[in-house]
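# Geometric and topological summary
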Amino acid sequence: LTTPPMRFDIKNTVRNTLGPLMPRVSSIAMAKASTLMRMVDTAVKPSVNLNALLLTRGIKGTNVFRTVFFMPNLIGGIVLGYIWQILINCVLSLVKQPLLQLNTAAGYWGLIILMCWQQVGYMMIIYIAGLQNVPGDLIEAAQIDGANPWQALVRIKLPMVMSSVTICLFLSLTNSFKLFDQNLSLTGGEPNHASEMLALNIYNTFYTRSGPQWKGIGQAKAVIFFVLVVAIALVQLRATRSREVQQ
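A word on the packing of helix α10 (residues 198-207) against helix α11 (residues 212-241). Where α10 contacts α11, the two axes come as close as 7 Å, and the packing angle between them is 160°. What the angle tells us is that α10 and α11 run roughly antiparallel. In this structure, the crossing between α10 and α11 has a hand that is left-handed. Every residue of α11 that contacts α10 at Leu198, Asn201, Ile202, Thr205, Phe206 and Tyr207 is listed here: Trp214, Lys215, Ile217, Gly218, Gln219, Lys221, Ala222 and Phe225. Among the residues making up the contact of α10 with α11, the classes are represented as 8 nonpolar, 4 polar and 2 charged.

Let us now look at the environment of methionine 71. Within the fold, methionine 71 resides in the loop between α3 (62-70) and α4 (77-94). Each C-alpha atom, one on methionine 71 and one on tryptophan 117, is 9.8 Å from the other, the two residues being 46 residues apart in sequence.

Right, let's get into the side chain of glutamine 85. By the element assignment, glutamine 85 lies in helix α4. For glutamine 85, the side chain forms a polar contact with the main-chain oxygen of leucine 186, separated by 3.1 Å. With residues up to four places along the chain from it excluded, the contact list for glutamine 85 reads Leu100, Gln101, Ser185 and Leu186.

Another aspect to go through is the confidence of the model for the chain. Taken as a whole, the chain shows an average pLDDT of 77; of its residues, 79% reach a score of 70 or greater. Within the chain, helix α1 (residues 10-18) has the poorest average pLDDT of any element, 46, and α4 the best, 89. Predicted confidence for residues 4-27 stays below pLDDT 50, and this span has 25 contacts to residues more than four positions away or in other chains.

With that settled, the discussion passes to a nonpolar patch on the surface. A cluster of nonpolar side chains, Ile75, Ile78, Val79, Tyr82, Ile83, Leu87, Trp117 and Leu184, forms an exposed patch at the surface whose accessible area comes to about 670 Å². By residue number, the principal contributor to the nonpolar patch is α4, which donates 5 residues. The residue isoleucine 75 is located in the loop between α3 and α4 in this model. Residue isoleucine 75 is classed as partly exposed on the basis of its relative accessible area, which comes to 33%.

What counts, and at which threshold
Residues numbered from 1 in each chain as written. Predicted model: local features only at pLDDT ≥ 70, side-chain atom pairs only at ≥ 80, totals over all residues. Heavy atoms only, no water. Axes fitted to C-alpha atoms, helices over the stretch in contact; angles between N-to-C directions. Helix = DSSP H or I, 4+ residues; strand = E, 2+ residues; numbered from the N terminus. Parallel < 35°, antiparallel > 145°, perpendicular 65-115°, else oblique. Left-handed = near helix turned anticlockwise from the far one by under 90°. Contact = heavy atoms within 4.5 Å. Nonpolar A, V, L, I, M, F, W, Y, C, P; charged D, E, K, R; others polar. Polar contact = N/O pair within 3.5 Å; in protein donor to acceptor, adjacent residues only side chain to side chain. pLDDT = per-residue confidence, 0-100. Patch = residues over 30% accessible without salt bridge, like charges linked within 9 Å, V, L, I, M, F, W, Y side chains within 5 Å. Areas by Shrake-Rupley, 256 points an atom, 1.4 Å probe, with all protein chains shown as cover. Salt bridge = Lys/Arg side-chain N within 4 Å of Asp/Glu carboxyl O. Buried < 20%, exposed > 50% of the residue type's maximum accessible area, 1.4 Å probe, protein only.

Structure (structure tokens):
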């Protein structure tokens, strides 16, 4: 008797490997991670720019304000998640709304608030360093030429701090994708995985499901996750570095 030759069907292999993976990643984690990323970028950048501008004007107590804004960045994400979970649940109970474990919208807004509160101070320091590197001669020359403060900001300061914008945008994009410990402690992915980001989804797939097939699916998700983050980060770096001005 001869054993029939084994055939490698790539379609069935891809379907069996990525079949359980694609529905959860694309419809749940991926869409929500992308939404959270965009919302965080929209929410963090204007507030950081405003704080940095205000704290470079030589007002009283500047160093105190810088310290206060930077302090949340020194606290671990797990601790921050539990702190904000208590605060948000207290507010939700006062307004007679479902708690975080039963409230998807509150979970998302809680994650956004937590990330903004944690990252604003760190990015503010980067923006302040960039603003302080802008030569005073350029600002003075612009004022002599009749430029108002808004024109000096848009035409001189912003182009000169594009390197800081590149760094902060890169950190925002990558951190929003890599969001894990805050997600784990604040919502835990509840209710019913509705607030589960991609990093937490990969962790739950690999560690909380029984069976060797889930280990492989978790590893496949991690590889796709890595490629996705690298690709988006490279596109962002290329787009923002082209706008940088050499001093």
